[in-house]
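Coordinate inspection notes
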Amino acid sequence: MSIFSHPAYDKHEQVAFYQDAKSGLKAIIAVHNTNLGPSLGGCRMWPYADDGEALNDVLRLSRGMTYKSAMAGLKLGGGKSVIIGDPRKDKSPELLRAMGDFLNTLGGRYITAEDSGTSVEDMRVISERSRYVSGVVEGSEHGGDPSPSTAYGVFVGLRAAVEHRWGKTDLAGLKVSLQGVGNVGFRLARLLKDAGAELFVTDIFQDNIDRAVNELGATAVAADEIFDVEADLFAPCAMGAILNDNTIARLKVGAIAGAANNQLAEARHAEVLRGKGILYAPDYVINAGGIIDVYYQQQGARDAGGCYDPAEVKAHIDRIGSTLREVFERAEASGETTAHVADRVAEERFGHEDTLKANSAAA
Ligand code: NAD
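First, a word on what this report is: a plain description of the structure on this page. Because the structure is predicted, anything quoted here is derived from the model rather than measured.

Definitions and limits used
- Residues numbered from 1 in each chain as written.
- Predicted model: local features only at pLDDT ≥ 70, side-chain atom pairs only at ≥ 80, totals over all residues.
- Heavy atoms only, no water.
- Near = heavy atom within 4 Å.
- Polar contact = N/O pair within 3.5 Å; in protein donor to acceptor, adjacent residues only side chain to side chain.
- Areas by Shrake-Rupley, 256 points an atom, 1.4 Å probe, with all protein chains shown as cover.
- Helix = DSSP H or I, 4+ residues; strand = E, 2+ residues; numbered from the N terminus.
- Nonpolar A, V, L, I, M, F, W, Y, C, P; charged D, E, K, R; others polar.
- Pairing = 2+ DSSP bridges.
- Axes fitted to C-alpha atoms, helices over the stretch in contact; angles between N-to-C directions.
- Contact = heavy atoms within 4.5 Å.
- Expected span 1.5 Å × (residues − 1).
- Buried < 20%, exposed > 50% of the residue type's maximum accessible area, 1.4 Å probe, protein only.

1. Observations concerning the site of the ligand
Taken together, the neighbourhood of the ligand is formed by 20 residues, with Thr150, Asn183, Val184, Asp203 and Asn208 sitting nearest. Take asparagine 183: an N or O atom from its main chain is 2.9 Å from an oxygen atom of the ligand. Measuring from a nitrogen atom of the ligand, one finds a backbone N or O atom of isoleucine 204 at 3.5 Å. Burial of the ligand by the protein chains amounts to 75% of its free accessible area of 820 Å². Broken down by secondary-structure element, the contributors of at least two residues to the shell around the ligand are helix H4 (147–166) and helix H5 (183–194). Looking at side-chain class alone, the shell around the ligand contains nine nonpolar, nine polar and two charged residues.

Here's what the structure looks like:
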């Protein structure tokens, strides 16, 4: 297995491997870029088929965090960690404490938070050993869970997309198809319902669908039929790679704005969407509410006597709207895709060598 020539290796500053025989911990931390500040990103626990799959995931995800934090205007770099193992079978307090020891070896260059397979409670256990943990601050309204802030940020971004696409700010009567009504999707659905939108939802769990139907008056749609719904806007809030040749050909919407990470199956799909006249809100820009929340939790924990101020956090998340408006306008003016414009703005912000060189050559 190669590192420096790995397809997902993108000038990462540091990749660290750790094993603790006693607890069974096997983990990797990838620090992509720390130009703007210490790297911050979740700790994912997953039963990876092999080490190569885990390495690929951590390299890809840590890079994504650099772009997300830069676009959210945070003084943070991008990093991520993965624990190789089944969270339902292999997780133990000893293993999580050993993860804390691993974090300490990086001396604060990487700060962790919850992610798939880890919880706020797990972060609390890790924090018994290490202070480089976010998402465990008491002052936070929702006990460290970033999902409500992610949902609110997506709602703000979705409004910006509607305004750009249809020139209106009122969401009353807007038809929204929503894939995945879990932690983020259900909260987003509630915000949309309160704003008067008409909802079409799907999920792979019937109880999640029932909750949206019963509590929000949503119309249930079969999982594979969500792409065929005639709606104004599609909000992917389940899994990645959901915008591909098959689904894009079926979509009958004017805009896409949702929480899921890595929505585009391949970079070229941004161009396919543009060709179909579908406005795409780049995923890492619109779903940054969670990392913004986690950043303030981390600040509150670090500053002596510092506290988490929900009004300050909300004001920062509200800026997702103006960031997206700038991306939409620049894309329209230049004829590029919104995804490409977002990447370039992020790279300018965190100082990506190649982008800076290209900019100075063009000047
Ligand atoms: P979640 O697991 O609580 O919700 C996902 C929902 O999608 C679940 O209800 C699941 O049953 C459903 N689902 C899975 N596959 C599906 C399919 N094929 N069709 C329909 N429904 C399906 O996760 P979440 O925390 O709500 O996150 C949702 C997405 O947003 C993920 O892609 C996540 O990476 C991304 N995201 C979440 C946060 C956050 O703060 N939680 C932050 C940024 C990005």
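Still more to cover.
2. Notes on the sheet that holds strand E5 (residues 110–114)
In spatial order, the strands read E1-E2-E4-E3-E5; together these five strands make up an open sheet with mixed pairing. Every interior strand has two partners, whereas the edge strands, strand E1 (14–20) and E5, have only one. Each adjacent strand pair in this sheet contributes to an overall mean axis angle of 25°, direction not counted. Where strand E3 (residues 39–46) lies against strand E4 (residues 77–84), six bridges are found, and the strand directions are parallel. For serine 39, the partnering residue across the bridge sits in E4 and is glycine 77. The strands that helix H1 (residues 51–71) touches are E1, strand E2 (25–33), E3 and E4; relative to E4, the one it contacts most, it runs at about 155°.

3. Let's talk about the pairing of E1
When E1 meets E2, the two strands line up antiparallel, connected through seven bridges. Across the sheet, residue phenylalanine 17 finds its bridge partner in E2, namely isoleucine 28. Turn length for the E1-E2 hairpin, with the two strands adjacent in sequence and antiparallel, is four residues, and the turn residue glycine 24 shows positive phi of about 85°.

4. Things to note about H5
Given a rise of 1.5 Å per residue, twelve residues ought to cover 16 Å, and the 17 Å separating the end C-alpha atoms of H5 matches this to within 8%. Looking only at H5, the buried set comprises Val184, Gly185, Phe186, Leu188, Ala189 and Leu192. On the buried face of H5, the contacting elements are H4, strand E6 (175–179), strand E7 (198–202), helix H6 (206–216) and strand E9 (233–236).

Spatial relationships are all this shows, so hold off on functional conclusions.
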